[in-house]
Each structure stands twice: as structure tokens, then as C-alpha cells.
Amino acid sequence: MIKLENIRKSYTTGFNTLEVLKGIDLEIRDGEFVSIMGSSGSGKSTLLNILGILDNYDSGNYYLGDILVKNLSQTQAAKLRNQHLGFVFQSFNLLTFKSAWENVALPLYYQKIPRNERKDRALKYLERVGLLEWADHLPTQLSGGQQQRVAIARSLITQPRMILADEPTGALDSTTSHSIMKLFTDVNAEGITVVCVTHEHDIAEMTQRIIYLKDGMIEPESQRADAN
Amino acid sequence: MFDYDKWQEIFDTIRRHKLRTFLTALSVWWGIFMLVVLLGAGSGLRNSFEHNFRDDALNSIWVYTGQTSIAYEGLPAGRYMRFTNDDYDMLRNEVEGVDKLTGRYYLTGEYVVNYGNQSLSFDVRTVHPDHLYLENTIMTHGRFINQKDIDEIRKVCVLGDIIVEELFKEGQSPLGEYVQVKGVDYQVVGVFTDEGGENERRRIYLPITTAQRIDSGSERVHQLMLTVTDPTIEGSKAVEERVRQQMARLHQFDPADDQAIYIRNNMREYQQFQTVFNMIDGFLWFVGIGSIIAGVIGVSNIMLIIVKERTKEIGVRKAIGATPRSIIGMILLESVFLTGLAGYVGLLSGFGLVYGINSFMVANNIEVEFFYNPEVSFGAVLIALFILVLSGALAGLIPALQAARIQPIEAMKH
Ligand SMILES: Nc1ncnc2c1ncn2[C@@H]1O[C@H](COP(=O)(O)OP(=O)(O)OP(=O)(O)O)[C@@H](O)[C@H]1O
Ligand SMILES: [Mg+2]
């Protein structure tokens, strides 16, 4: 269970303070497949980064299972990310000089797992996303969809409890986008929580629940139904 | 320590940045190379001077006569000083702190030495027994001149081993044989060698009294040499001063007159040389370390650029679980490895050059003034290695901390 209680977050640039999240209350059950929608600048990425312990929040509480994620050191945050979370980004963020399998295996390096085992597991996950034959290719030799599959394999390899994806299909055409979402659905079917930020309704429709962000708040479902 | 993955990462980055790796390595290589070569040159200079001191007792004081430059108690300036056997006796009996003491009487003219039908020219020195200690003469056969030779004005001589080689047949013992010097026969009582070089080993020593007698009964002594019992710089300066005072009294010159007699205090000169060389050494270290620092700053700058270049990569690594420590470790290890390797090669090539020059000089018998037996001490190497590792760590420190501060979200926006 993921639980956010009255999370607030503001950015200060120069003399201006911009309140991005103005008190977010949110619960995501284990094994849920959720999408976050909202207009540009509404704070979707900010929220996802907080969920991913990539960013701090100003006030409120964030529980990742029984762990209160608050005021962590960089090292603690790194360890939590490594053990419990997987990330998929719009721009894939693969290391260009490492082969597909090396990219997939990288999170295990930070768990001090021996190289042979890392490779075995990386190949298994590459097979899982249908790219076993591409294991030794560099990211630049792969298409966008293939790169995103490598990124997904990388996010899965530590068997995290939650995958966080920020516009994972944003750079892909619609056919590829759908196959990527299909992959997330399969992953989710194995019990891994998936949270996915998206702009596209058809993508969001493939998830179990859509969370709408507006003016730094979550829109209650009732109001949204009215609006529609 | 040996973590295959860490090294894999390092070799990866090195392969991806060949040019900058080369430039980095070059600057460190140069720094260490310079340090070693400078130290080698410094020691070559120092050793050449120590080499010149090698056959003289370090705690020795040599006294020569001069000409007074100050009028004293009614006596005019410009008097020539002369030493006699009285001066020898005076130094022996009246000056405290004198250990070994010898005079030298200079024979004039060429010394043709005859033995059998051989006739060769050598250098002759006429001395007291203690001369043995003053010139670090090493006896190989027989004995040196002794007090009895002096007292009884014996016609004996001690030969350098090269003379023996040239005058006598191989295997023939020269002891007891007679050689003729300027028409007078001397019995050979000893053979010596000397570390001071070939010239020293081509000498013949005679008792000083014998030489004085043959030179028409002169009492004159041209030069006096002594060692001090207290071989400290203070001790030898004190003896030097007492010698000057006693001589001034005996010969009636102003003790402040530094031209009447000349005193060469080897201890003092040696110490002055040491001081000069320590300063030179200090300067060389300063320059050497300076060039290392320049190298380190170069490495540091390049590493900073690399960290900038790798910002996104570091951000991704952090997002998927790299701790700040592991990032710092990665950058530091790379820096230490690069500087260490380049510096080590610099160390080796510096050594190669210094010892190459040395063995080349030895092999070809090249003697250069002010340069002899260059070497780099083990201690200096240890210090250089220590500086290397430290500088590698220093060079990597700022870039590593910079890398540790990278925020994954910001970095991944690149
Ligand atoms: N580091 C930052 N410093 C200052 N302002 C920031 C920072 N990061 C985000 N913001 C601002 O916070 C607001 C929310 O940004 P966020 O990236 O969460 O929006 P988003 O919903 O993901 O938008 P998009 O759909 O365009 O990705 C924006 O107005 C943005 O300019
Ligand atoms: Mg966004």
C-alpha cells in the first residue's frame, strides 16, 4: 500500500515561490495499475518524482508500505529506490555506451550481485520483453520502442514493488505505445504496482484507475464526472 | 579491493575518452618524470662534490703559509711566513684537540724513479706517519712510514700500487727492494692504494726528515695537516682558532690577519657544501612538486569536465540506486588509477633516464665536472609514490564531490 497524506511541494526560483502540489491525499493499493493525468505544468512529474523518492516534499507524509519516506539521506533514498522502485522515463535514459543487457543489469550492480548472475538475470528479463537477440546491441542500434522495452526490463530486474513511468509512450508512435502499455499490463498482472503519467486518454484508459491533477490538487471523481 | 566491476567501469570510461586520458596521463607523467630527473641531477651534482672529498679525512684542517697584510708590533706588513719543524712540534704539543698531525715538505724538480733498468717519472710526497690517516691511504702490503723512520732519518719509501705494477714484474714482491729517487736509494717498506683515483696511486711517500736532510738539511715544512679529536663543526672551528692564535704568537703576526697563513677547514667546507646542496635539493623538490601540482590541477580540470559530460549518466545511475559514496568512489578510483599509472610510468622513465645516463657515463668512462653518479634515493621514491596517490585522490576529490551533488531529476533532463 502506498499512502500520501497532505503532501505539499513548492519550488522557489528567485523571489517567486510556485506551489505545485497543494495537499495531495492519495492511496494506491498493492498491485494496482494507475495512471496520472492533467494538463502540462499541473505537477504530474513532481508527484511521480516524490513517489519515486527522487525529490523531497515540503510537508505531509509519504508511506511506502510501512516505511515513512521523509527526510531521508541521499544514501537511504538510493537504497530504497534500488530495492523497491523501478523507473521508466519518456526519454528511456539508457547508458549509451553499455549494451542492452548491461543496461538491464545495472541496478543489480548496486546490489553488489556478481557479474555472472547479473547477466543471467538481465538476459531473462530481456527475453521477457522480447529482446533476447538484441542483448549485445548498444541502445543507439535499437528503435525507440525497443529502447523503452530495455528500460522496462531494467526497471523490472530488481523485482520492485512499484514501477513509476513518466510518459513512457510520449516519444513513441501509437502502435508501439500500445504494445508498451500491453507490457505494463502483463507486468501488473504479476502483482507489481504500476503508476504511469500520461497525456493520452487511450493510454490512460488501459489502466485500472485514472488520477486527475488540477491546480496542484487531485480532482475528486464526483466533480470530474460532473465536468464531463 | 580487487573488484572486477569497478575496474571494468574505469576501463570503459578510459576507452570512451582516449584523448583526455592520454592528456591527463601526460601531465602527471611529466610531473613525476621531472621530479625524478631533477632529483637525479641534484644528486649527481652533490655526489660529484662528495666524490672530491672522498680521499681526505673530513675532519681535517690544512694550514698553508702566506704573507702578512697587517703591520704588527713594529713588524711591517708583507712578510712571508715559513713553517719549520718547530711549527710541527708546536701543533703537536701546544694545541689542544689535535689528533693526527703531519707536515709536508715539497721536493723540487722532476722525480725520475729508477729500478733495475726501468726509469719512470712519479710524484713524491714527504710526510709524517699520520699522513696515512689524512689522505685515507689504504695499505695493501707492508707498512706506512713510522716514527722511527722520521727519528732515524731512514731512506725508506712507500709506493702506490700502480707504481708497483709498472716497475716490478708480476708476482714479484717489492718489499725490501731498493728504488732510486733522484740518485738516492730507498728501501721499499710498504705498498698502498687510494680511493682518490689514479693520481693518488702513482705517488711515492718518503719520511719528511729524510727529504729535508737530502735537500741540504732544511728545517722547512711547506704545509701542515691535522685532524681534530672532536669531529663536530664546533670542535673543528675551535681547533682552527687555536691553531691561528698559536701560529700568530710563534710567527708574530696579528691574529686578525687572514693572509699570514691560510687555514682550510674541510669540516667547515663540507658543511657549507651540504648547506648549499640542501638548498639546491629543496629548490629541486619545490620545482618538481610544482610540476606535479600543475599536473594534478590538469587532471582535476579534466575530471571536472568529464563529470559534466557524464552528468546525465550519473543521474541515471543515481535514479536506479547508486549511492553518493559509490559515485565518489567511482570518480576517485578512476583519478587515482590514472594518476597512479601515469605517475608510475613517469617514475620508471625518470629512473631509466637517470640510471641510463649513469651507466652510460660509467661504461664509457666519461667524467664530467659537477656531475657524478646520479642516483635517486629509495626514500625519495617512497615520497614520490605517496605524492602520486595523494595527488590522484586530490585531483579526483573536487570532481567526485561535484558528481555526488548531482540531482538525478535535474541531471536526466540533459
Ligand atoms: N526544479 C524546478 N524548479 C522550479 N520549478 C519547477 C521545477 N520543476 C518543476 N517546476 C515547475 O513546477 C510545475 C510542475 O511541473 P511538473 O514537471 O510536475 O509538471 P507536469 O505536470 O509533469 O508537466 P508536463 O505535462 O509538461 O510534464 C511547472 O510549472 C514547472 O515549471
Ligand atoms: Mg512531466
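The preceding data block contains the structure.
Keep in mind that this is a model prediction, so the values were computed, not measured.

Reading the values: the criteria
- Residues numbered from 1 in each chain as written.
- Chains lettered and ligands numbered in written order.
- Predicted model: local features only at pLDDT ≥ 70, side-chain atom pairs only at ≥ 80, totals over all residues.
- Heavy atoms only, no water.
- Near = heavy atom within 4 Å.
- Polar contact = N/O pair within 3.5 Å; in protein donor to acceptor, adjacent residues only side chain to side chain.
- Helix = DSSP H or I, 4+ residues; strand = E, 2+ residues; numbered from the N terminus.
- Nonpolar A, V, L, I, M, F, W, Y, C, P; charged D, E, K, R; others polar.
- Pairing = 2+ DSSP bridges.
- Buried < 20%, exposed > 50% of the residue type's maximum accessible area, 1.4 Å probe, protein only.
- Expected span 1.5 Å × (residues − 1).
- Contact = heavy atoms within 4.5 Å.
- Salt bridge = Lys/Arg side-chain N within 4 Å of Asp/Glu carboxyl O.

K.L.:
Just give me the short version of the site of ligand 1, but keep the residues and values in it.
P.N.:
Near ligand 1 you find 15 residues, and of these A:Ser40, A:Gly41, A:Lys44, A:Ser45 and A:Thr46 are the closest. Neighbouring residues of ligand 1 are not confined to one chain but are distributed across chains A and B. At 2.9 Å, a backbone N or O of A:Gly41 approaches an oxygen atom of ligand 1. Here an oxygen atom of ligand 1 and a side-chain polar atom of A:Lys44 are 2.7 Å apart. Listed by contribution, the elements that provide at least two residues to the shell around ligand 1 are strand 1 (2-13), strand 2 (16-28) and helix 1 (44-51) of chain A. No other element matches the 3 residues that helix 1 of chain A contributes to the shell around ligand 1. Considered class by class, the residues forming the shell around ligand 1 number 3 nonpolar, 9 polar and 3 charged.

K.L.:
Run through the sheet that holds strand 1 of chain A, naming residues and quoting values.
P.N.:
Residues and elements named next belong to chain A. Strand order across the open sheet formed by 4 strands is 2-1-4-5, with antiparallel pairing between neighbours. Strands at the two margins of the open sheet, each flanked by one partner only, are strand 2 and strand 5 (67-68). By the bridge criterion, 2 bridges tie strand 4 (residues 59-64) to strand 5 in an arrangement that is antiparallel. Paired with tyrosine 63 across the bridge in strand 5 is leucine 68.

K.L.:
Give me unusual backbone geometry: which residues, what numbers.
P.N.:
Residues and elements named next belong to chain A. One non-glycine residue with positive phi stands out, namely asparagine 71, at about 50°. Mapping asparagine 71 onto the fold places it in the loop between strand 5 and helix 2 (74-84). Judged by its relative accessible area of 74%, asparagine 71 falls in the exposed class. Even without being a glycine, lysine 112 presents a positive backbone phi close to 60°. The exposed category is assigned to lysine 112, whose relative accessible area is 75%.

K.L.:
Help me get a handle on helix 4 (residues 115-128) of chain A, residues and values and all.
P.N.:
End to end, helix 4 of chain A covers 20 Å across 14 residues, agreeing with the expected 20 Å (1.5 Å per residue, within 8%). Packed against the buried residues of helix 4 of chain A are helix 3 (100-109) and helix 5 (144-156) of chain A together with helix 1 (4-16) of chain B. The first or second residue beyond helix 4 of chain A is A:Gly130, which carries a positive phi of 80°.

K.L.:
How would you sum up the pattern of salt bridges? Please name residues and give values.
P.N.:
Once their charged atoms are close, side chains differing in charge can pair, the charge on each being opposite to the other. According to the stated counting rule, one finds 31 salt bridges over all chains in the structure shown. For A:Glu32, the salt bridge is made with A:Arg209, and the minimal N-O distance between the two is 2.7 Å. A residue pair is termed long-range when its members are at least 10 positions apart, and A:Glu32 in the loop between strand 2 and strand 3 (33-38) and A:Arg209 in strand 9 (residues 209-214) qualify at 177 residues. The exposure class of A:Glu32 is buried, given its relative accessible area of 4%. You can call A:Arg209 partly exposed: its relative accessible area is 22%. Close ionic contact of A:Lys98 with B:Asp12 constitutes a salt bridge, the shortest N to O distance being 3.5 Å. Of the two residues, A:Lys98 is situated in the loop between strand 6 (85-89) and helix 3 and B:Asp12 in helix 1; the pairing between them involves two chains. B:Asp12 shares its class with A:Lys98; the two are buried. Here the residues in one salt-bridge network are B:Arg16, B:Arg20, B:Arg310, B:Glu313, B:Arg317 and B:Glu334, joined through shared partners.

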